[in-house]
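Chain residues, written in single-letter form:
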Amino acid sequence: MLRFVRHILLIGLLLGVGGALSSPSRAQDHRPAPHSAYLIVDVGSRKTIAVSRLKALQAVVAPGSIAKLATLIAALRPSLGIVVVAPGAAGSDAAALAADLIREQMRAHRQPAAEGEALNVGQIGLDGKTTIVTMPIDEYVASVVAGEQQANSPPAALEALAITARTYALANRRRHAREGFDLCDLTHCQVLKPATPSSRAASTVTRSRVLLFNGRPASVFYTASCGGRTERGDAVWPQARFPFLPSQLDAGCERLPGWSSELRTEDLERALRANGLKGQLASMRVVARTASGRASTVRMSGFVPPEIDGDTLRFAVGRTLGWQHVKSTWFDISRTANGYRFTGRGSGHGVGLCMVGSIRWAAQGLTADDILRRYFPGLTTGTWPTPQTTDNVSVSARVLVQVPAMNAGERRHLTIVVQSELEGLARRLGVETPAELAVVFHPTVESYRRATKQPWWMAAATTGQRIDLLPIATLRAKGLLEQTIRHELVHVLTVDALRQRPMWVKEGAALFFAGEVVAAAQTPTTCPPRKDASATSHRDVTRRDYLQAGTCFAKAMASGGAWSGIH
């Protein structure tokens, strides 16, 4: 009788675990119908019996108890039920076995996303556990651009990266098929971060566009900096023997400062041993190079094996000592008093699209297609999987973005950024968007000053439904482009509600909702300010007054209540 009671307790516990573990997230949307499958596990005979009807459980559960079990299952509504029959076992043992079976069943039920529509992405947590999330491919590309982009990249460079990232994803989908997903979110595949307005715009403008080789998405790569010359694909990966991955000069990335790093002998030895090599380091030198000049073979006297390729050395040092020491394989090695000095150029493997170079080419007026033709000679850009053009991108006609002739190629990108920010801020503030909005980027600082009567350090000025801004290049160089757009859009959206409020409330709201005030409640200040915020003839005074306004507004928001009620 005691053994039977233990069975019933195990069954109840495991059905509860199954109900919790087998309910995928809403984003994955691949859950089978409730009560679609149940597994009965007989630990004694090591057999698993799949059944499709609840009444079949009578084979292993004593008569009279099935009603209680049915009630429990109905209450939990699991997509997968696990019943473990393990006489004498502890509940924790059976639960562990059930959890493993549930994971296997979830993986078996997971259907791959339709090609071109979405990707199953494995997100690796700090604890090493993987969470699988299904992402629409446009959202995935936007997140990759946010994770991989260089700071203040022009739109053409972001769009070139978006096309390359989309191509890589489609060419490498199911790379982690054995683990139940398509791509990971680490450098092994592509790094993901929360999408930004600029990265979303780059993904939207390039929707469905990829690089094609023989009518299929090509095996493409990108690197942080090629140092002035790209590397052949097969010099890094033997299987990447493609004509569109050559070693060629890149004027966009040349004349950049090199890097240098000194490592102690004992640290190098530790890195090498951590990666499976054995011995003591007597000497180290480059004995063979690729056609581009990068180290292909490094000899290490005193170690077994005595030679490794340059990329293996870079990864060994990076994983153990940090990636800032040996940034690429384009390096020379010299002996020092305490170890070895690495002096090199570039960052990353050097294959394919050079991100630093693409930024410089974009700044010179090249389009995304121009940039891609430089880095992937012989490839064509097309749509995948179905023909689609960027003319189908929806952009509200009420937003008119005016740019100088020199920035004509950026107008569509900036329009999408403004539209995205406007709608997001309107939802957050709980207000309607304006019927019309004009956003004007001036060609010069002097033009901006004449139009607005503002000093040169004021990045923008808003009057009614018109926003005037400093030149695009000026804002981008200071890292203020998106922040300034958000700030002025808050002014547009709050003008009616705050019309009769003091200036510190108006500026404080813009600073707060644009994300320019962080942890303001911890900053000591007098609230409300004794002096109202205003633009003065002195830049530092203006910044101080605005910061105080933002701090006081943030404190008022922290105390509760609506933003529109702050006085």
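Residues numbered from 1 in each chain as written. Predicted model: local features only at pLDDT ≥ 70, side-chain atom pairs only at ≥ 80, totals over all residues. Heavy atoms only, no water.

Draft legend 1. The arrangement of the state of the cysteines in detail. A complete count under the given rule lists one disulfide for this structure. Each disulfide pairs two cysteine sulfurs, and for C527 the partner residue is C552, the sulfurs being separated by 2.1 Å. Its torsion about the S-S bond being -90°, the disulfide of C527 and C552 is classed as left-handed. Taken together, the positions of C527 in the loop between helix 16 (503-513) and helix 17 (539-558) and C552 in helix 17 put the pair 25 residues apart, joining distant regions of the chain. For C527, a relative accessible area of 36% corresponds to the partly exposed category. Taking the relative accessible area as the measure of exposure, C552 reaches 3% and is therefore buried. Cysteine C354 shares no disulfide, and the gap to the nearest cysteine sulfur, in C253, comes to 3.5 Å. (Disulfide = S-S within 2.5 Å. Helix = DSSP H or I, 4+ residues; strand = E, 2+ residues; numbered from the N terminus. Buried < 20%, exposed > 50% of the residue type's maximum accessible area, 1.4 Å probe, protein only.)

Draft legend 2. Looking closely at the pattern of salt bridges. Tallied over the entire structure, the rule returns 21 salt bridges. Residues D234 and R232 are paired through a salt bridge, measuring 2.9 Å at the closest nitrogen-oxygen approach. Close ionic contact of D468 with R466 constitutes a salt bridge, the shortest N to O distance being 2.8 Å. With relative accessibility at 6%, the residue D468 sits in the buried group. Residue classification places R466 among the partly exposed residues on the basis of a relative accessible area of 36%. (Salt bridge = Lys/Arg side-chain N within 4 Å of Asp/Glu carboxyl O.)

Draft legend 3. Highlighting the packing of helix 15 (residues 481-494) against helix 16. Contact geometry for helix 15 and helix 16: axes closest at 8 Å, N-to-C directions at 130°. Comparing their axes, helix 16 and helix 15 come out oblique. With respect to the hand of their crossing, helix 15 and helix 16 are arranged in right-handed fashion. Within the contact between the two elements, helix 15 uses H487, V490 and H491 and helix 16 uses K506, E507, A509, A510, L511 and F513. Tallied by class, the residues present in the contact of helix 15 with helix 16 amount to five nonpolar, two polar and two charged. (Axes fitted to C-alpha atoms, helices over the stretch in contact; angles between N-to-C directions. Parallel < 35°, antiparallel > 145°, perpendicular 65-115°, else oblique. Left-handed = near helix turned anticlockwise from the far one by under 90°. Contact = heavy atoms within 4.5 Å. Nonpolar A, V, L, I, M, F, W, Y, C, P; charged D, E, K, R; others polar.)

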